[in-house]
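# Topology and contacts: notes
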Amino acid sequence: MLAIANQKGGVGKTTTAVNLATALAATGEPVLLVDLDPQGNASTGLGVDRAARGQGTYAMLIDGVPAETVIRASGIPHLSIIPSDADLAGAEVELVSTPSRETRLRNSLAPIRNGRFAFVLVDCPPSLGLLTVNGLVAADAVLVPLQCEFYALAGLAQLMGTVERVQRGLNPRLALQGVVLTMYDGRNNLCEQVAADVRGHFHDKVYKTMIPRNVRVSEAPSHGVPVLVYDQRCAGAQAYVSLAAEMLGDE
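Here's what I pulled together on the structure shown here.

### Digging into the overall build of the protein chain
In terms of regular secondary structure, the protein chain is built from 12 helices and 7 strands. For 251 residues, the compact-globule estimate of 2.2 N^0.38 gives 18 Å, and the protein chain sits close to it at 17 Å. In terms of its C-alpha atoms, the protein chain occupies a principal-axis envelope of roughly 50 × 40 × 30 Å. Looking at the protein chain residue by residue over its 251 residues, the buried ones come to 54%.

### Concerning helix 12 (residues 235–247)
With 13 residues, helix 12 ought to run about 18 Å at 1.5 Å a step, and its terminal C-alpha atoms sit 18 Å apart, in line with that. For helix 12, every residue scored as buried is listed here: Gly-236, Ala-237, Ala-239, Tyr-240, Leu-243, Ala-244, Ala-245, Glu-246 and Met-247. For helix 12, the secondary structure elements touched by its buried residues are strand 1 (2–4), helix 1 (13–25), strand 6 (141–147), strand 7 (175–182), helix 10 (215–219) and helix 11 (227–230). One or two positions beyond helix 12, positive phi appears at Gly-249, with a value near 80°.

### Considerations on the layout of surface pockets
Computed from the structure, the largest pocket encloses a volume of approximately 350 Å³. Taken together, 23 residues form the lining of the largest pocket, with Gly-12, Lys-13, Thr-14, Thr-15 and Asn-41 sitting closest to its centre. Counting only elements with at least two residues in the lining of the largest pocket, the list comes to helix 1 and helix 2 (41–45). Counting residues per element, the lining of the largest pocket draws most heavily on helix 1, at 5 residues. Roughly 230 Å³ of internal volume is contained in the second largest pocket. What lines the second largest pocket is a set of 16 residues, among which Thr-22, Ala-23, Ala-26, Thr-27 and Leu-228 lie closest to the centre. Elements represented by at least two residues in the lining of the second largest pocket include exactly helix 1, helix 11 and helix 12.

Reading the values: the criteria
- Residues numbered from 1 in each chain as written.
- Predicted model: local features only at pLDDT ≥ 70, side-chain atom pairs only at ≥ 80, totals over all residues.
- Heavy atoms only, no water.
- Helix = DSSP H or I, 4+ residues; strand = E, 2+ residues; numbered from the N terminus.
- Rg over C-alpha atoms; globule rule 2.2 N^0.38 Å.
- Buried < 20%, exposed > 50% of the residue type's maximum accessible area, 1.4 Å probe, protein only.
- Expected span 1.5 Å × (residues − 1).
- Contact = heavy atoms within 4.5 Å.
- 1 Å grid on protein atoms, 1.4 Å probe; cavity = no way out; pocket = protein on both sides within 12 Å on 5 of 7 lines; lining within 4 Å.
- Points joined across faces, edges and corners; volume = space filled by probe spheres on them.

The following block contains the structure:
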């Protein structure tokens, strides 16, 4: 179970969640994507229309609806999703007074954790609030998409501080799966410098695969499909295939 998290918006977090889930599902293993972001972009990116979502992560976390009843198939073979429903935006406030507020997601997913899915990916919101904490408490590891830009390392330090607090108090098994550099442009000297700085700090925890800036990656969500379906041969799609292979130890 992998939490995909970065409190900074616009870093390719949801794009990574959707396309990594798709690439892992392409191996033939069953994959579940949990949309924990009130914006619901992961659900949109898999073609789940907002008007037709019904119950999803809010109903599971706040109302105690069993996870099994809110899982739905996506249009991608072997890939299922628990969509973000309209009420999830209020969950941060409601969780404050909810018993076991940090462990709601872990407890909700416990019945389906072993056996049914080979991979569970949690797309966390761009914040360090209770929804993201729930994602970190439920997960075995955290994957951090990091945009190749000037303020990247400063934001990453804040996130790692939250990860360490979760490790100490709520989920001692939580590990850093890795950092994936996104929106990379080799023509930009700043991108090269940021990549070098991140690798210098996190060493082998930074994936060799870097996700390039790619128009097709940006276009795909408007068609309700991952870029691996929209244009499998483009550079962005191939980068996510390589990332999945590297994660699985095939590269």
